[in-house]
Amino acid sequence: MYKQEELKKLEGKIGYEFKKKELLLQALTHSSFSNEQKINKFKDYERLEFLGDAVLELLSSRFFFDTYPEMSEGEMTRLRSSMVCEPALAFCARELSLGAYILLGKGEEATGGRKRDSIISDVMEAVIGAIYLDGGIKEADQFIKKYILSDLENKQLFYDSKTLLQEKMQKQGRTITYELVSETGPDHDKVFTVEIRIDGKATARGEGRNKKSAQQQAAYQVLLAEMSEK
């Protein structure tokens, strides 16, 4: 279990001090940990995640509506989807080192749950739900804008890199393929290396916890290299 100073350190990272510390603790508690506690069973984060997901959708929608008055509904929907999808939220959670604070059961810990996108993105939403309950919509809005909706241009380039590169290559009449170069590590903690080939020529490599994220990283490297040449 956490000591008071550990929770205070996390509050410093997320920029919000909870009045009800139990809400933060619940937001960090995975069901695997909760189920292991035979006495004084802990509440897990699932209900807070449900609430946080709704709060995130509302506030991010309002942000894009206000920030981009000329943008169509379809464009706003696509932008919101790329900014609040599972990999995007997991990326933001890692910037806060949120994974290090999750309370996991022994089995989930042993199989690499602390690094899994699905878990740390859920915890990110649970934290949003906890902040909303503890401090209201204004505090939740500030957190979302600071840690999820900041640096949009670079984040969108990264999250949409595979699609953007594919569209660019199609316009130029060029072919693009991804080849798995290697996969290392145990089954629960693998690292995949993917090579991107444009017109059959090896152009860049990317690494990730799964093939999709490795492909995305490789595409991102190509786009960054092209931008630096301009």
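Figured I'd write up the structure that's included with this text. The model shown is predicted, which means the values in this text are computed figures rather than measured ones. (Residues numbered from 1 in each chain as written. Predicted model: local features only at pLDDT ≥ 70, side-chain atom pairs only at ≥ 80, totals over all residues. Heavy atoms only, no water.)

## What about the overall build of the chain?
Helices and strands together make up the secondary structure of the chain, namely 12 helices and three strands. Judged by the C-alpha coordinates and their principal axes, the chain covers about 60 × 50 × 25 Å. Taking all 230 residues of the chain together, the buried fraction comes to 43%. Carbon and sulfur atoms form 50% of the exposed surface of the chain, whose accessible area is close to 12,900 Å². Computing the positive centroid from 35 side-chain charges and the negative centroid from 38, the chain places the two 3 Å apart. (Helix = DSSP H or I, 4+ residues; strand = E, 2+ residues; numbered from the N terminus. Buried < 20%, exposed > 50% of the residue type's maximum accessible area, 1.4 Å probe, protein only. Areas by Shrake-Rupley, 256 points an atom, 1.4 Å probe, with all protein chains shown as cover. Lys, Arg positive; Asp, Glu negative; His and termini not counted. Charge placed at Lys NZ, Arg CZ, Asp CG, Glu CD.)

## A few points about a nonpolar patch on the surface
Taken together, L58, Y132, L133 and I137 make up a surface patch of nonpolar side chains, about 360 Å² in accessible area. Position of Y132 relative to the elements: it lies in helix α8 (residues 117-135). (Patch = residues over 30% accessible without salt bridge, like charges linked within 9 Å, V, L, I, M, F, W, Y side chains within 5 Å. Salt bridge = Lys/Arg side-chain N within 4 Å of Asp/Glu carboxyl O.)

## Here we look at the pattern of salt bridges
Per the counting criterion, the structure on display carries 12 salt bridges. Salt-bridge contacts for E108 lead to R116; the nearest nitrogen and oxygen are separated by 2.4 Å. Measuring nitrogen to oxygen at the nearest pair gives 3.1 Å for the salt bridge that ties E195 to R197. With a relative accessible area of 10%, E195 lands in the buried category. Overall, R197 belongs to the partly exposed group, its relative accessible area being 23%. Here the residues in one salt-bridge network are E179, E195, R197 and R205, joined through shared partners.

## Description of unusual backbone geometry
A positive phi angle, near 55 degrees, is found at S97, a position not held by glycine. By secondary structure assignment, the location of S97 is in the loop between α6 (86-95) and α7 (106-110). Residue S97 is classed as partly exposed on the basis of its relative accessible area of 32%. The backbone phi angle of D199 is positive, close to 55 degrees, even though this residue is not glycine. Structurally, the position occupied by D199 is in the loop between β2 (191-198) and β3 (201-208).

## Focus on the packing of aromatic side chains
Following the criterion strictly, the structure yields four aromatic pairs and no others. Summarising the aromatic geometry, the rings of Y16 and F18 are spaced 4.9 Å apart at their centres and angled 85 degrees between planes, so their arrangement reads as edge-to-face. Ring geometry for F143 and Y147: centres 5.1 Å apart, planes at 45 degrees, overall tilted. Of this pair, F143 and Y147 are both found in helix α9 (residues 137-147), four residues apart, which corresponds to roughly one turn of the helix. Linked through ring pairs, F63, F64 and Y68 together constitute an aromatic cluster. The positively charged end of K162 is found above the aromatic ring belonging to Y178, 5.2 Å away from the centroid. (Phe/Tyr/Trp six-rings, centres within 6.5 Å; stacked < 30°, edge-to-face > 60°. Lys NZ or Arg CZ within 6 Å of the ring centre and 35° of its normal.)

## Brief notes about the state of the cysteines
By the definition in use, this model includes zero disulfides. No disulfide involves C85; its sulfur sits 9.3 Å from that of C92, the nearest cysteine. Looking at C92, the relative accessible area reads 1%, which means it is buried. (Disulfide = S-S within 2.5 Å.)

## Quick word on the packing of helix α4 (residues 46-67) against α9
In a packed pair of helices, the relevant descriptors are the angle between the two axes and the axis-to-axis distance. Orientation of α4 relative to α9, taken along the N-to-C sense of each, is 70 degrees, at an axis distance of 10 Å. It follows that α4 is roughly perpendicular to α9 by the angle criterion. Judged by the twist between their axes, the crossing of α4 over α9 is right-handed. Contacts between α4 and α9 pair V55, L56, L59 and F63 from the former with I137, A140, D141, I144 and K145 from the latter. Looking at the contact of α4 with α9, its residues break down into seven nonpolar, no polar and two charged. (Axes fitted to C-alpha atoms, helices over the stretch in contact; angles between N-to-C directions. Parallel < 35°, antiparallel > 145°, perpendicular 65-115°, else oblique. Left-handed = near helix turned anticlockwise from the far one by under 90°. Contact = heavy atoms within 4.5 Å. Nonpolar A, V, L, I, M, F, W, Y, C, P; charged D, E, K, R; others polar.)

Shape descriptors only; they carry no functional weight alone.
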